[in-house]
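One letter stands for each residue in the lines below.
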Amino acid sequence: MQTRKFLAVLTSCLLFTLSPALPSEGKTAIPEDLIRELDRMVDNKDLYVSMKQDRIDSLKHRLGTPGTDRMELYGEIAGEYMKFQSDSAAGYLNRAISIARDTGDRTSEIRYTIALAEQYTLTGLYMEAEYVLSFIDRQEIREPDKLEDYWMACYNVYREAGYARPHNAVSRIWRARAGQYRDSILCHSKSVSNRTLRLRETELREAGHPEQALEINDIRIGMAEYLSPDYAYTAYDRFCIYQEMGREDEAMEFLVRSAISDINSAIMNQSSLYVLANKIFGKDLDRAWKYVNYSYWATTFFNERFRHWTYNSAVFEINKIWQQKLGFQRSIISVISCALGILVLILAGLAVYITSINRKLNRTNRNLEETSRIKDSYVSQFFKLYSSYLNSMQKFRSKIHKQLKRGDEDEVLRLTRPSGDIINEEIHDLYRNFDMAFLDIFPDFVDRFNDLLLPDKKITLKKGELLNTELRIFAMIRLGINESAQIAELLHYSIRTVYNYRSGINRKTHVKDRKFEEHLMRIS
């Protein structure tokens, strides 16, 4: 325990010593309250996903209600999935399109086909989006607002495809075609909406008029509710304008506001946080890594193909910065590592030594506890045995006294004459008393002893036996009496008998390396 505490203190000291040597990171030009709010929302992303999923589940629950317009409800569910999960959105739009075809509702079919093309564009499936739009004949669209939806879908697919690919002749053609669709919307639109304002703002910004674009953005920012999807897009556009104007601090503020709104609305098809990570990774590497991880997670959740490649490049750049920082630290770390390695070796040796001492102490304590238990049992058995002998002596003396009073000298002589039967009887009593005393201390001795023997060499006791000669000899050894001569004397066996049993045990046991008696001493 003390060793672990010492290592913890030592590690803390080394980290404290090393920390001033690390290169310091600059502060980002973002209001502190905003960046803290963004961090909190990134950490609690599952909450916003859960809220979004609850809204979707509520709509799905209505599918089981009799009389429900399933086509319209499929469209609503697809709208919720639009920037949340691309595959689910496409799936529900296809269901709505299928119902529209089956019912001959061409207007609804066109409406949901346009929405499907928009979904494919968001996912990076530009060829699929163009293919879907090719099934729509412009002349079929009578309503002006639906025509604007069609033109907007065409604008988005060609614009996104043009900017997603390298600048070449094809990408220039696509961007030019996107410009044509934008002009069509602006020329034919009879209302001022967030969509037309955004198109005009984008046109002015790309034409090099950021001040005029900012004036339009002022209108849009006033129209959008804070933290809504519209606010997220408008704040991101404002970031782009401020970038063009060189107003970096204001640009970063609205980039963060856009990211906060994206997360609040559970928009997985988002760019703000990824762009923010690229902006700050040279100043705040840990936060940049956190934001890139979130962006990669959101893109995977949404299942957008194209941005995975983009995020991989960001990871590469962040990793390159880490390598530069690590190179700065290597010289210091190498010296500290060597010193720490030597110290660890010393501490490891000390730990091994302390562990060894603890094991010995524990073993000694166990032996002392067992010795104390054996001693207590021995004292008890000794008094029982001694009491038994006193009773035998008292009976013998009483018997002799009665015979002398009767004058029967022949009987007295017979009783006091040395006899093998009497000696054998006394030895038998000795063995029985010893066996009982020993098994009281080691009740499982016979079973544990047999566990050390080969299957065909196990000892089977006769009826009425507690121990036999072999078990009794090894019982003496378990009690710590190792000298064969002493064992022979105490048990009234010949020394050869004791020796033969001790030497012959190695042929009967499965214990290797002639360590039978070591295993015997572990029997408790």
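The following refers to the structure shown.

**Some thoughts on the overall build of the protein chain**
And step 1. Of regular secondary structure, the protein chain possesses 23 helices and zero strands.
And step 2. Split into buried and exposed, the 524 residues of the protein chain put 39% on the buried side.
And step 3. Summed over all atoms, the accessible surface of the protein chain reaches about 30900 Å², with 55% contributed by carbon and sulfur.

**So, a positive patch on the surface**
And step 1. A surface patch of positive charge is lined by Arg 359, Lys 360, Arg 363 and Arg 366.
And step 2. Counting through the fold element by element, Arg 363 comes out in helix H16 (residues 305–406).

**What about the pattern of salt bridges?**
And step 1. All told, the structure shown has 28 salt bridges when counted by the stated rule.
And step 2. Here Asp 145 and Lys 146 are joined by a salt bridge, their closest N and O atoms 3.4 Å apart.
And step 3. Via salt bridges that share partners, Arg 101, Arg 106, Glu 109 and Glu 140 belong to a single interconnected network.

**Re a nonpolar patch on the surface**
And step 1. A cluster of nonpolar side chains, namely Leu 350, Tyr 353, Ile 354, Ile 357 and Leu 361, defines an oily patch on the protein surface of about 440 Å² accessible area.
And step 2. With respect to the helices and strands, the residue Ile 357 is situated in helix H16.

**Observations regarding unusual backbone geometry**
And step 1. Backbone geometry places Leu 227, a non-glycine residue, at a positive phi of 80°.
And step 2. For Leu 227, the position within the fold is in the loop between helix H11 (210–223) and helix H12 (229–245).
And step 3. A residue is classified by how much of its surface remains accessible, and Leu 227, at 25% relative accessible area, is partly exposed.
And step 4. Within the chain, Ala 266 stands out as a residue other than glycine whose phi angle is a positive 55°.
And step 5. With respect to the secondary-structure elements, Ala 266 resides in the loop between helix H13 (248–264) and helix H14 (272–280).

**Some points on the packing of H12 against H14**
And step 1. Direction vectors running N to C along H12 and H14 enclose 35°, while the axes themselves pass 11 Å from each other. Seen from above, H12 lies across H14 with left-handed handedness. Taken together, the residues of H14 that come into contact with H12 (itself represented by Tyr 236, Phe 239 and Gln 243) are Ser 272, Val 275 and Lys 279.
And step 2. Residue composition of the contact of H12 with H14, by class: three nonpolar, two polar and one charged.

**Points about the packing of aromatic side chains**
And step 1. Here the structure, examined in full by the defined rule, presents 19 aromatic pairs.
And step 2. Arranged with centres 6.0 Å apart and planes meeting at 45°, the rings of Tyr 242 and Phe 254 form a pair that is tilted. Residue Tyr 242 is found in helix H12, and its partner Phe 254 is found in helix H13; the two are separated by twelve residues along the sequence.
And step 3. Tyr 242 sits in the buried class, given a relative accessible area of 4%.
And step 4. For the pair Tyr 294 and Trp 297, a centre-to-centre distance of 5.4 Å together with 50° between the ring planes defines the contact as tilted. Of this pair, Tyr 294 and Trp 297 both sit in helix H15 (residues 285–302), separated by three residues, roughly a single helical turn.
And step 5. A relative accessible area of 5% places Tyr 294 in the buried class.
And step 6. Each residue in the set Tyr 74, Tyr 81, Phe 84, Tyr 92, Tyr 294, Trp 297 and Phe 301 is aromatic and connected to the rest through ring pairs, giving one cluster.
And step 7. The aromatic ring of Tyr 158 is capped on one face by Arg 177, whose charged end is 4.9 Å from the ring centroid.
And step 8. The side chain of Arg 257 reaches across the aromatic face of Phe 254, ending 5.9 Å from its centre.

**Topic: the nonpolar core**
And step 1. Of all hydrophobic cores here, the largest spans 92 residues; its most connected members are Leu 38, Tyr 150, Leu 276 and Tyr 291.
And step 2. The element that contributes the greatest number of residues to this core is helix H8 (residues 144–164), accounting for eleven residues.
And step 3. Apart from residues lying up to four places away in sequence, Tyr 150 is in contact with Ile 114, Leu 133, Ile 136, Arg 138 and Ile 141.
And step 4. The next biggest cluster of nonpolar side chains, apart from the first, holds 31 residues, and it includes Phe 434, Ile 459, Ala 475 and Ala 488.

**Quick notes on the packing of helix H4 (residues 70–81) against helix H6 (residues 106–123)**
And step 1. Where H4 contacts H6, the two axes come as close as 12 Å, and the packing angle between them is 15°. By the angle between their directions, the pair H4 and H6 is classed as roughly parallel. Relative to H6, H4 is oriented so that their crossing is left-handed. Seen from H4, the contacting residues are Met 71, Glu 72 and Gly 75; seen from H6, they are Ser 108, Arg 111 and Tyr 112.

Rules used throughout
- Numbers given to residues run from 1 along each chain, matching the order in which its sequence is written.
- Local features in this predicted model are restricted to residues of pLDDT 70 or higher, and side-chain atom pairs are both shown and tallied only at a pLDDT of 80 or more, whereas totals for entire chains, interfaces and linings draw on every residue.
- Where side-chain values are given, they derive from all heavy atoms of the structure, hydrogens and water being excluded.
- By definition, any uninterrupted DSSP run of H or I lasting at least four residues is a helix, any uninterrupted run of E lasting at least two residues is a strand, and each is numbered from the N terminus.
- Buried, partly exposed and exposed residues are distinguished by accessible area as a fraction of the type maximum, computed with a 1.4 Å probe on protein chains only: under 20%, between the cut-offs, and over 50%, respectively.
- Only the protein chains shown count as cover for residues, with accessible areas throughout obtained via the Shrake-Rupley method and a probe of 1.4 Å.
- Patches draw on residues past 30% relative accessible area with no salt bridge. Two like charges within 9 Å are joined, as are two nonpolar side chains (Val, Leu, Ile, Met, Phe, Trp, Tyr) within 5 Å.
- Throughout this description, the term salt bridge denotes a Lys or Arg side-chain nitrogen within 4 Å of a carboxyl oxygen of Asp or Glu.
- In this tally, Lys and Arg are treated as positive and Asp and Glu as negative; His is ignored, and so are the chain termini.
- Charged groups are reduced to one reference atom each: NZ for lysine, CZ for arginine, CG for aspartic acid, CD for glutamic acid.
- Under this scheme, a helix contributes an axis fitted over its contacting stretch, all axes are lines through C-alpha atoms, and angles between N-to-C directions fall in the 0 to 180 degree range.
- Crossings are assigned a handedness: left-handed for a near helix turned anticlockwise from the far helix by less than a right angle, right-handed for a clockwise turn.
- We call two residues in contact whenever any of their non-hydrogen atoms come within 4.5 Å of each other.
- Under the grouping applied here, Gly and all other residues not named as nonpolar or charged are polar, the nonpolar ones being Ala, Val, Leu, Ile, Met, Phe, Trp, Tyr, Cys and Pro and the charged ones Asp, Glu, Lys and Arg.
- Working definition: a ring pair exists when centres of Phe, Tyr or Trp rings (six-membered ring for Trp) sit within 6.5 Å. Plane angles under 30 degrees give stacked, over 60 give edge-to-face, the rest tilted.
- Only when the NZ atom of a Lys or the CZ atom of an Arg is both within 6 Å of the ring centre and within 35 degrees of the ring normal do we say a charge sits over the ring.
- Only buried residues count toward a nonpolar core, which is a set of Ala, Val, Leu, Ile, Met, Phe, Trp, Tyr and Cys residues joined through side-chain atoms within 4.5 Å.
- The cut-offs work like this: below 35 degrees is roughly parallel, past 145 is roughly antiparallel, 65 to 115 is roughly perpendicular, and the gaps in between are oblique.

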